[in-house]
Amino acid sequence: GQQVMQIPQYQHVQEGEDFTTYCNSSTTLSNIQWYKQRPGGHPVFLIQLVKSGEVKKQKRLTFQFGEAKKNSSLHITATQTTDVGTYFCAGRSSGYSTLTFGKGTMLLVSP
Amino acid sequence: ETGVTQTPRHLVMGMTNKKSLKCEQHLGHNAMYWYKQSAKKPLELMFVYSLEERVENNSVPSRFSPECPNSSHLFLHLHTLQPEDSALYLCASSQMTGTEPEAFFGQGTRLTVV
């Protein structure tokens, strides 16, 4: 079945440093989504990417979808303590299918 | 609130007990999911229901038994659990197609098996 892998599993940065998490799928994806889970909370949807090579920005967050639609990345510029949490990617193999989540990247930001 | 409600929020049960977790979604979605989240496996898919039919069962032990009586409700029946089953159990719902593709999660049930 479809597998979605995320790296790194964990990253600790100083406030102001950049952060990137990578997501790779074993199959071509129809779309990919990113979620954030704050400590003690539940995953919350951030964004969806659909097109090959698509790039979307949300303030300091930049999301990319690979040309082959098998990988994606989330980059945070100048991290803040409010960015702390676990970031999950989730992919769909077709327009009508269930989501497959990666294992997530836990981000810790020290002031 | 996310539109997905889980009860109870916290549950402590003995290994011989039988309990049920409940999930209700008010979003009109046609797919519902149970996830187990623990330190060892951050987000582990357990069951998927699409249009009230189970479409995915990721080798979950039979001591976990899901039930989806209608598109708005999802249950997880628990019996003779083990201490390693202690975890956060998250319910989610989504629309399989359409303009609202994202999954909405409930706040989870924190389960402790003693």
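Residues numbered from 1 in each chain as written. Chains lettered and ligands numbered in written order. Predicted model: local features only at pLDDT ≥ 70, side-chain atom pairs only at ≥ 80, totals over all residues. Heavy atoms only, no water.

Below, the discussion takes up the nonpolar core. Residue and element names in this part refer to chain B. Residues Trp-34, Phe-64, Leu-76 and Leu-78 are the most contacted members of the largest nonpolar core, which totals 22 residues. Those elements that place two or more of their residues in this core are strand S2 (10-13), strand S3 (18-25), strand S4 (31-37), strand S5 (44-50), strand S7 (64-70), strand S8 (73-79), strand S9 (87-94) and strand S11 (109-113). Ignoring sequence-local partners within four residues, the contact set of Leu-78 consists of Leu-11, Met-13, Asn-17, Lys-18, Lys-19, Leu-21, Arg-63, Phe-64 and Leu-111. (Core = buried A, V, L, I, M, F, W, Y, C linked by side-chain atoms within 4.5 Å. Buried < 20%, exposed > 50% of the residue type's maximum accessible area, 1.4 Å probe, protein only. Helix = DSSP H or I, 4+ residues; strand = E, 2+ residues; numbered from the N terminus. Contact = heavy atoms within 4.5 Å.)

With that settled, the discussion passes to the interface of chain A and chain B. At the junction of the two partners, chain A supplies 16 residues and chain B supplies 23 residues. Buried surface at the junction of chain A and chain B, both sides included, amounts to about 1,600 Å², of which 61% is carbon and sulfur. Along the contact surface separating chain A from chain B lie 0 salt bridges. Seen at the junction of chain A and chain B, the total is 3 residue pairs in polar contact (both at pLDDT 80 or more). The dominant element in the side of chain A that touches chain B, judged by the number of residues it contributes, is strand S4 (residues 31-37) of chain A, at 3 residues. Residue composition of the side of chain A that touches chain B, by class: 7 nonpolar, 7 polar and 2 charged. (Buried area = accessible area lost by both parts, 1.4 Å probe. Salt bridge = Lys/Arg side-chain N within 4 Å of Asp/Glu carboxyl O. Polar contact = N/O pair within 3.5 Å; in protein donor to acceptor, adjacent residues only side chain to side chain. Nonpolar A, V, L, I, M, F, W, Y, C, P; charged D, E, K, R; others polar.)

A word on the confidence of the model for chain B. On average, chain B scores 89 in pLDDT, and the residues at 70 or more come to 93%. Confidence scores differ between elements of chain B, with strand S6 (residues 53-57) of chain B showing the lowest mean pLDDT of 72 and S3(B) the highest of 97. (pLDDT = per-residue confidence, 0-100.)

So, on to the packing of aromatic side chains. Per the stated rule, a full pass over the model turns up 10 aromatic pairs over all chains. Taking the centre distance of 6.0 Å and the plane angle of 85° together, the rings of Tyr35(A) and Phe105(B) count as edge-to-face. Remark: Phe105(B) occurs in strand S10 (residues 104-105) and Tyr35(A) occurs in strand S4; the pair is interchain, linking two chains. Judged on exposure class, the residue Tyr35(A) and its partner Phe105(B) are both buried. Ring geometry for Phe101(A) versus Phe105(B): centroids 5.7 Å apart, planes at 75°, classification edge-to-face. Of the two residues, Phe101(A) is situated in strand S10 (residues 100-101) and Phe105(B) in strand S10; the pairing between them involves two chains. No difference in accessibility class separates Phe101(A) from Phe105(B), as the two residues are buried. Members of the aromatic cluster, connected to one another through ring pairs, are Tyr35(A), Phe45(A), Phe88(A), Phe101(A), Tyr33(B), Tyr35(B) and Phe105(B). (Phe/Tyr/Trp six-rings, centres within 6.5 Å; stacked < 30°, edge-to-face > 60°.)

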